[in-house]
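Single-letter residue listing:
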Amino acid sequence: MRFEPDPQDPETLMIHDPGCQQLVGYETRIDAAGACVVSLDVGPQHLNRHGILHGGMVATVLDVVCGNTASRYFDPEGHAALVTVALNLSYIAAMGPGRITATARATGGGKSTAHVMGELRDADGRLLATATGIFRRITKR
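Because the structure is predicted, anything quoted here is derived from the model rather than measured.

Ranked by internal contacts, the top residues of the largest apolar core, which has 31 residues, are Val38, Leu53, Leu62, Val65, Ile100 and Leu120. Looking at this core, the elements with two or more residues in it are strand E4 (36-42), helix H2 (55-74), strand E6 (98-109), strand E7 (113-122) and strand E8 (127-137). The element contributing the most residues to this core is H2, with nine residues. Those residues in contact with Ile100, other than ones at most four positions away along the chain, are Val38, Ser39, Leu40, Val42, Leu53, Val61, Met95, Leu120, Arg121, Asp122 and Leu128.

Once that is clear, we can look at the environment of Thr28. Tracing the sequence through the fold places Thr28 in strand E3 (residues 27-30). With 12 residues separating them in the primary sequence, Thr28 and His16 have C-alpha atoms 7.5 Å apart. Excluding residues that lie within four positions of it along the chain, Thr28 makes contacts with Leu13, Met14, Ile15, Gln21, Cys36, Val37, Val38, Val64 and Asn68.

The subject of this paragraph is the side chain of Thr12. You can see Thr12 is positioned in strand E2 (residues 9-16). Owing to a relative accessible area of 8%, Thr12 belongs among the buried residues under this scheme. Within the structure, Thr12 has its side chain in polar contact with the side chain of Asp9 (distance 2.8 Å). Not counting chain neighbours up to four residues away, the residues in contact with Thr12 comprise Glu4, Pro5, Asp6, Arg29, Ile30 and Asp31.

Next up on the list: H2. Between the first and last C-alpha of H2 there are 28 Å, a value that for 20 residues agrees with the 28 Å anticipated at 1.5 Å per step. Across the 20 residues that make up H2, a large majority, 14, are buried.

Another aspect to go through is the sheet that holds E2. Read across the open sheet, the eight strands follow the order E1-E2-E3-E4-E6-E7-E8-E5; overall the sheet is antiparallel. Of all the strands in the sheet, just strand E1 (2-6) and strand E5 (82-91) have a single pairing partner and so form its edges. Taking the axes of each pair of neighbouring strands and ignoring which way they run, one obtains an average angle of 25° across the sheet. Of the strand pairs in this sheet, E5 and E8 are connected by nine bridges, and their pairing is antiparallel. Its bridge partner lying in E8, Ala86 is registered against Ile134. Relative to the sheet, H2 contacts E2, E3, E4, E5, E6, E7 and E8, its axis offset from that of E7 by approximately 135°.

Conventions we followed
Residues numbered from 1 in each chain as written. Predicted model: local features only at pLDDT ≥ 70, side-chain atom pairs only at ≥ 80, totals over all residues. Heavy atoms only, no water. Core = buried A, V, L, I, M, F, W, Y, C linked by side-chain atoms within 4.5 Å. Buried < 20%, exposed > 50% of the residue type's maximum accessible area, 1.4 Å probe, protein only. Helix = DSSP H or I, 4+ residues; strand = E, 2+ residues; numbered from the N terminus. Contact = heavy atoms within 4.5 Å. Polar contact = N/O pair within 3.5 Å; in protein donor to acceptor, adjacent residues only side chain to side chain. Expected span 1.5 Å × (residues − 1). Pairing = 2+ DSSP bridges. Axes fitted to C-alpha atoms, helices over the stretch in contact; angles between N-to-C directions.

By themselves, these observations are geometric and do not establish any function.
And the structure:
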């Protein structure tokens, strides 16, 4: 994983992950205040057989935004290593191709666990899904 300044806003960092991010195609940004935003341009590869955004893509984007938010909760200046303990999703509305944006906020926790709430919206601001997650800080091996 590497961090680079966002060409559009030097105060914002872009996270580049070599794994799932490259496969799915989402973008992850963290602003100067530590808020994380994950966006994805939904294309045919992200749709299910009904032509709507696949639930697994919704889960992936919400897990990423909530996880990065939890990481900043533990380490506001760095990027704490963690794992998802639980992620509960509520699917609210369907959509086809277009841009989606996920945001999250930490709602509490302690030294090793963080609780986070996330939202996924379409380009018009319509709520598509919500998430609540629990994340545990780990030691990198």
